[in-house]
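Architecture at a glance
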Amino acid sequence: MLRYSDTAALGVLLERFPYEGFAEWAAELGLADMGKVISGSASAREMGLWTAYLYEYMESGKYGAELKDDLMNTNYSMISTQSPKASKYGWDKSAYHEMAVVYAEHPYLLVIMTDKWGGSAEDRQMFRELPGVLEEMKAAKFAAEG
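In this report, the structure presented in the accompanying data block is examined. Residue positions are given per chain, counting from 1 as you read along its sequence in written order. Note on the predicted model: pLDDT of at least 70 is required for a residue's local features to be given, and 80 or more for side-chain atom pairs to be given and counted; whole-chain, interface and lining totals, by contrast, use all residues. Water and hydrogen atoms were dropped before computing side-chain values, which therefore reflect all heavy atoms in the structure.

1. Quick word on the pairing of strand E3 (residues 108-113)
Which entries qualify depends on this criterion: Partly exposed describes any residue whose relative accessible area lies between the buried limit of under 20% and the exposed limit of over 50%, with all areas from a 1.4 Å probe on protein chains only and scaled to the type maximum. Each helix is a run of DSSP H or I of at least 4 residues and each strand a run of E of at least 2, with the numbering of both proceeding from the N terminus. When DSSP finds two or more bridges between a pair of strands, those strands are recorded as paired.
The side-chain alternation of E3 yields one buried face, formed by Tyr-108, Leu-110 and Ile-112, and one unburied face, formed by Leu-109, Val-111 and Met-113. Direction of pairing for strand E2 (residues 95-102) relative to E3: antiparallel, over a ladder of 6 bridges. When the sheet's bridge partners are listed, Ala-100 is paired in E3 with Leu-110. Between E2 and E3, which follow one another and run antiparallel, lie 5 residues.

2. Let's talk about the packing of helix H4 (residues 44-60) against helix H5 (residues 64-72)
Where we set the bar: Fitted lines through C-alpha atoms give the axes, limited to the stretch in contact for helices. The angle between two N-to-C directions lies from 0 to 180 degrees. Orientation labels follow simple angle bins: below 35 degrees gives roughly parallel, above 145 gives roughly antiparallel, 65 to 115 gives roughly perpendicular, and whatever is left gives oblique. Left-handed is the label given to a crossing in which the near helix is rotated counterclockwise from the far helix by less than a right angle, and right-handed is the label when the rotation is clockwise. Contacts are assigned to residue pairs with any non-hydrogen atoms lying within 4.5 Å of each other. Side-chain classes follow a simple rule in which Ala, Val, Leu, Ile, Met, Phe, Trp, Tyr, Cys and Pro form the nonpolar group, Asp, Glu, Lys and Arg form the charged group, and the remainder, Gly included, forms the polar group.
At a minimum axis separation of 6 Å, H4 and H5 run at an interaxial angle of 120 degrees. With respect to their mutual orientation, H4 and H5 come out oblique. Of the two possible hands of crossing, H4 and H5 adopt the one that is left-handed. The residues of H5 that touch H4, namely those facing Leu-54, Tyr-57, Met-58 and Glu-59, are Gly-64, Ala-65, Leu-67, Lys-68 and Leu-71. Of the residues that constitute the contact of H4 with H5, the class distribution is 6 nonpolar, 1 polar and 2 charged.

3. Remarks on the pattern of salt bridges
Heads up, the condition is: By definition, a salt bridge exists where a carboxyl oxygen of Asp or Glu is found within 4 Å of a side-chain nitrogen of Lys or Arg.
Summed over the entire model, instances satisfying the criterion amount to 2 salt bridges. Across the salt bridge formed by Glu-59 and Lys-68, the nearest N and O atoms sit 3.4 Å from each other. For Lys-68, a relative accessible area of 23% translates into the label partly exposed.

4. Details of the packing of aromatic side chains
Each aromatic ring pair is described using two quantities: the centre-to-centre distance and the angle formed by the ring planes. For clarity, the threshold we go by: Note on aromatic contacts: the rings of Phe and Tyr and the six-membered ring of Trp form a pair at centre separations within 6.5 Å, being stacked when their planes are under 30 degrees apart, edge-to-face when over 60 apart, and tilted otherwise. Over a ring means this: the NZ of a Lys or the CZ of an Arg is within 6 Å of the ring centre and within 35 degrees of the ring normal.
Under the definition given, this model contains 2 aromatic pairs. Taken together, a centroid distance of 6.1 Å and an interplanar angle of 50 degrees make the contact between Tyr-55 and Tyr-103 tilted. Taken as a pair, Tyr-55 in helix H4 and Tyr-103 in the loop between E2 and E3 lie far apart in primary sequence, 48 residues in all. For Tyr-55, a relative accessible area of 30% gives the class partly exposed. By relative accessible area, which is 16% here, Tyr-103 ends up buried. Positioned above the aromatic ring of Tyr-89, the side-chain terminus of Lys-88 is 5.5 Å from the ring centre. If you follow Lys-141 out to its NZ or CZ, it ends over the ring of Phe-142, 5.5 Å from the centre.

Without other data, these values stay purely geometric and don't point to any function.
Quick look at the structure:
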């Protein structure tokens, strides 16, 4: 499901493990309910919190290394960066989103949520250029701080 972004696999998992208990656990952590994530109604802030949690888990959780490997080797991604990244994208008929942990010199989280299909040349260009702009800004900030 993670490497190939397979919605059918998600359906099988939800049949076997209903997300009600998962939603309670997520709420205890202050994370968006999985129903909001699945339906596409979660906000960029909520997805940023999920990304931060995933980053923490990938660095220290029981299955963190396996999760990190899956997210670093996904088949689909529009975010382009020179640095390694662990990412997950999602799309629907009128929206394209992606969240990533970018392992740059100073790692950062990136969540892009759009109301675009994501298939135009302009959309792909935006996803390719944004990480570079952020990395330049971060480098300048760290250089100024000494």
